[in-house]
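# A closer look at the structure
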Amino acid sequence: MLTSLSIRNVVFIERLDMTLGAGLTAFTGETGAGKSIVLDSLGLVLGARGDAALVRRSAEKATVAASFDLAPDHAVFNLLAKHEIETEGELILRRHQSRDGRGRATLNDQPVSITLLRKLGAVLGEIHGQHDDRALIDMSRHRRLLDIYGGLDRECETVARAWSLWRAAQARQVAHDEKRRHALAERTFLEHSVNELDALSPGEGEEEDLAERRRMMMNAEQFTSALSQAARALGGGDDASGGLGGALRRLERLQMQAGGRLDEVVSALDRVLVEMGEAEDAIAGAGRDMRFDQTELDRVEERLFALRAAARKHKVKVCDLPALLERFRRELGGLEESEETAGRLDEEGATLRKRYFDRAQALSAKRKAVAAGLGEAVMAELPPLKLERARFEAVVNADENHAGPRGIDRVEFHVATNPGTPPAPLIKVASGGELARLMLALKVVLAARGGAPLLIFDEIDTGVGGAAADAIGVRLARLADKLQVLAVTHSPQVAARAHTHMRVAKETRGGEDGTGTLTWVESLDPHQRREEIARMLSAASITEEARAQAERLLDGGN
């Protein structure tokens, strides 16, 4: 619960420290005394939007600090753990608002973002103003209120997960189908290209080999002429080698008698004969290889033309044609795999769709059961609020066309305020006063099932009095049996039901700019409390009759 609230330099409050306890605490005071400033300050520390106008004119910044004493298992600690913030014991939130519009927040003196502060505030306290009955008109909030009443958070999370998985599967199906459509559109092209390239059968490095052969044949005449010239230079072929051979044999017969002087000559002639033989063989072989063949040249040129035409067609180099053929083959094979994948994805999508709708329909059935219980609970609260003839019901309409992360249901609160008329949407039936009382009845029913340990009500009793006001007080006191409740009220009947009574007062000590105006809050003892309630009952001055009536209200409240 909220144990203390410290306010510094907020509008007319210069310095205020309040200690708060369990139960229902009522804040009363003259109109304009500053009751709303106290709630604005509390809202600020719970994450409400900052405003430089909240800063007291004589100060540069406003500060609000709130201390909470919470059970160890409270949801706020799970939230802090998710943000990797460690804390234990008392929780102190502090909000600073500067005149220049800047603001900052701390948690137990650790800096935190305003966004996180707002999340913390949502699980620590709820502020309900006199115009919050408008929320009942917003049908988009009805489903969430019903789920809170029924404690259906776990079921809602299950449905949300199933929805997320199904939607992800749908996205995969759409992406694969799009890819498959493109692939199928190219099937004819792929098949024709594979057949064409298969028939062409391009080889690695084939273009270079063919170009080299073509160049050789184109220059065959020059090569033949050069070879013939080389053959003639060898000295006439067989005659030259025959003469050298005869001379070598004669020298070899005389070699032994020359005492070694012919050895070098014999060796040199032997080498010459060998080299001449090898040269003659090489010339003859080259001549055969470089013989011009028009048929072969035509074949080479035709092959080169076919390869280069295919490369131009597919906008690649000739050397890339073999790799292109393999890619086309893989893509064709991928079409068959794509069919298998499509079948698998369709099956997966169907399974996840069924799982989602199974869970959504189970949630819908629970919502309908909860809706009946909510209707009965709210109806039980209406007679004391002078709505005994009204009928309230939560209508749950399941429609698979409205499937979403929160299920397939549309939930709407209907009411009939006159006997014999069918229930209809709140906005079409209920007046402003009726909506305010319906809101209180719904809050009484829902409050203990929410998460916030603190409820703040700002003048929700506006426009009602007598027995209806007393019924509001009774219900606020009942809420305070389980939760901490703060209520700003102008109703003496509500104030009399409070466990603690705070009076908000304002004093002007001078200064036309407002800096001399001060608001403070005091906790009332039994005598002061009776006087305050008597003031609320009196028109102008407090009378003995008003004091007696205040005493009766206090006795009834206790």
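Before going into details, it helps to say that this report is about the structure given with it. Nothing here was measured: the structure is a model prediction, and the numbers come from that model.

Rules and cut-offs
- Residues numbered from 1 in each chain as written.
- Predicted model: local features only at pLDDT ≥ 70, side-chain atom pairs only at ≥ 80, totals over all residues.
- Heavy atoms only, no water.
- Pairing = 2+ DSSP bridges.
- Helix = DSSP H or I, 4+ residues; strand = E, 2+ residues; numbered from the N terminus.
- Contact = heavy atoms within 4.5 Å.
- Axes fitted to C-alpha atoms, helices over the stretch in contact; angles between N-to-C directions.
- Buried < 20%, exposed > 50% of the residue type's maximum accessible area, 1.4 Å probe, protein only.
- Right-handed = clockwise from strand over helix to strand, strands pointing away.

Taking strand neighbours across the sheet as the criterion, the three strands line up as S9-S10-S11 in an open arrangement whose pairing is antiparallel. Of all the strands in the sheet, just strand S9 (391-398) and strand S11 (424-425) have a single pairing partner and so form its edges. Note that strand S10 (residues 409-416) and S11 share two bridges and pair antiparallel. Paired with His414 across the two strands is Pro425, which belongs to S11. Here helix H5 (residues 142-150) sits on the sheet and contacts S9 and S10; the angle it forms with S10, its principal contact strand, is near 90 degrees.

Turning to the pairing of strand S13 (residues 484-488), a few remarks are in order. With respect to burial, S13 is a largely interior element, five of its five residues being buried. Where burial is concerned, the two faces of S13 agree: the one with Gln484, Leu486 and Val488 and the one with Val485 and Ala487 are both buried. The pairing of strand S3 (residues 24-28) with S13 spans four bridges and is classified as parallel. Of the residues in S13, the one forming a bridge with Leu24 is Val485. Here five bridges tie strand S12 (residues 454-458) to S13, and the two strands are oriented parallel to one another. Across the sheet, Leu454 pairs through a bridge with Gln484, a residue of S13. Since S12 and S13 lie parallel, the crossover through helix H16 (residues 466-479) that links them has a hand, and here it is right-handed.

So, about the sheet that holds S13. Pairing in this open sheet of six strands is mixed, and the strands run S8-S12-S13-S3-S14-S15 from one edge to the other. Pairing within the sheet leaves two strands with one partner each, and these edge strands are strand S8 (125-128) and strand S15 (517-523). The sheet shows a mean angle of 15 degrees between the axes of neighbouring strands, taken without regard to direction. Relative to S12, S8 runs parallel, the two being bridged by four bridges. By the bridge assignment for S12, Gly125 is matched with Leu454. Its contacts with the sheet place helix H18 (residues 526-537) against S3, strand S14 (500-508) and S15, and it is angled at close to 70 degrees to S14.

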